[in-house]
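# Working through the structure, step by step
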Amino acid sequence: QGKWVLLVFWNAASDEATRAIFPRLEALLARDAKDVEKFEILAVHDASAKTWGEFDAKVKKLKAGPWGGKDPGFPVLLDSNGETFKAWGVEKVPEMVLIDPEGKVVKAGNDQVLREKLDGK
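None of these values were measured; they are calculated from a predicted model. Each chain carries its own residue numbering, running from 1 in the written order of its sequence. At least 70 in pLDDT is required for a residue's local features to be given in this predicted model, at least 80 for side-chain atom pairs to be given and counted, and no such filter applies to totals for whole chains, interfaces and linings, which use all residues. Excluded from the side-chain calculations are hydrogens and water; all other atoms, namely the structure's heavy atoms, are used.

## Concerning the packing of aromatic side chains
Pairs were defined over the aromatic rings of Phe, Tyr and Trp, the Trp ring being its six-membered one, requiring ring centres within 6.5 Å. Orientation was assigned from the angle between planes: stacked under 30 degrees, edge-to-face over 60, tilted for the rest. Summed over all chains, the structure comprises eight aromatic pairs. Seen from their ring centres, F9 and F85 are 5.1 Å apart, and the 80 degrees between their planes marks the pair as edge-to-face. With F9 in strand β1 (residues 4-10) and F85 in helix α3 (residues 83-88), the pair connects residues that are 76 residues apart, well separated along the chain. Burial classes follow relative accessibility: with a 1.4 Å probe on protein chains only, a residue under 20% of its type's maximum area counts as buried, one over 50% as exposed, and anything between as partly exposed. Under the relative-accessibility criterion, F9 is labelled buried at 0%. With a relative accessible area of 9%, F85 lands in the buried category. Put simply, the rings of W10, F22, W52, F55, W67 and F74 touch in pairs and so form one group of aromatic residues. The numbering of helices and of strands both runs from the N terminus, where a helix is a DSSP run of H or I of at least 4 residues and a strand a run of E of at least 2.

## Let's talk about the environment of P94
The topology assignment puts P94 in the loop between α3 and β4 (95-99). Looking at P94, the relative accessible area reads 12%, which means it is buried.

## Thoughts on the side chain of N11
Structurally, N11 can be placed in the loop between β1 and α1 (15-31). In terms of polar contacts, N11 uses its side chain to reach the backbone amide nitrogen of S14, at 3.0 Å. Whether two residues touch is decided by their heavy atoms; if any such pair falls within 4.5 Å, the residues are in contact. Setting aside anything within four residues of it in sequence, one finds N11 in contact with T18, H45, D46, S48 and V93. Any pair of nitrogen or oxygen atoms within 3.5 Å is treated as a polar contact; in protein, a donor-acceptor pairing is required on top of that, and neighbouring residues in sequence qualify only through side-chain atoms on both sides.

## Considerations on α1
To estimate how far a helix should extend, the number of its residues minus one is multiplied by 1.5 Å. Compared with the 24 Å implied by 1.5 Å per residue over 17 residues, the 23 Å span of α1 between its first and last C-alpha is a close match. Note that the bend at a residue is defined as the angle between axes fitted to the seven residues ending at it and the seven residues starting at it. Residue I21 marks the point of greatest curvature in α1, where the axis turns by about 35 degrees; the proline P23 follows within four residues. For α1, the complete set of buried residues consists of A17, T18, I21, F22, L25, L28 and L29. As for α1, its buried residues are in contact with β1, β2 (39-45), α2 (52-64), β4 and α4 (111-118).

## Things to note about the environment of V113
Position of V113 relative to the elements: it lies in helix α4. On the basis of relative accessibility, which here comes to 17%, the residue V113 falls in the buried class. Between the C-alpha atom of V113 and that of K38, which follows or precedes it by 75 residues, the distance is 14 Å.

## Some thoughts on the pattern of salt bridges
Throughout this description, the term salt bridge denotes a Lys or Arg side-chain nitrogen within 4 Å of a carboxyl oxygen of Asp or Glu. In the structure shown here, the tally under the stated rule is six salt bridges. The partner of R24 in a salt bridge is D111, and the shortest N-O contact between them spans 2.8 Å. With a gap of 87 residues between them, R24 in helix α1 and D111 in helix α4 connect regions that are remote in the sequence. On the basis of relative accessibility, which here comes to 33%, the residue R24 falls in the partly exposed class. Judged by its relative accessible area of 5%, D111 is buried.

Shape descriptors only; they carry no functional weight alone.
If you want it as structure tokens, here you go:
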């Protein structure tokens, strides 16, 4: 509690997540560095990677290509059994869920809504 939390449900095969959304999230972190204590981004990878070894193999080309040799600047979590996706009702990727500092889900929340909230809009 006390922070905005942006959950990003994704998988490494999703071009939209890896080539469009992840750069936006990195830009959000860079642009809003002054507000970094006000929000967290957590990327939850689907059950197609059961172990970190499988995950590393899936993102090897991404890391060498669009990610510029770096890991994302935010934590990546594995939903190795699919229970997290199921609990949040996620059926397709990418999917974003924004949680406000009081712990309530923001309807239609995403990275752009988070940026607006950080800007005081």
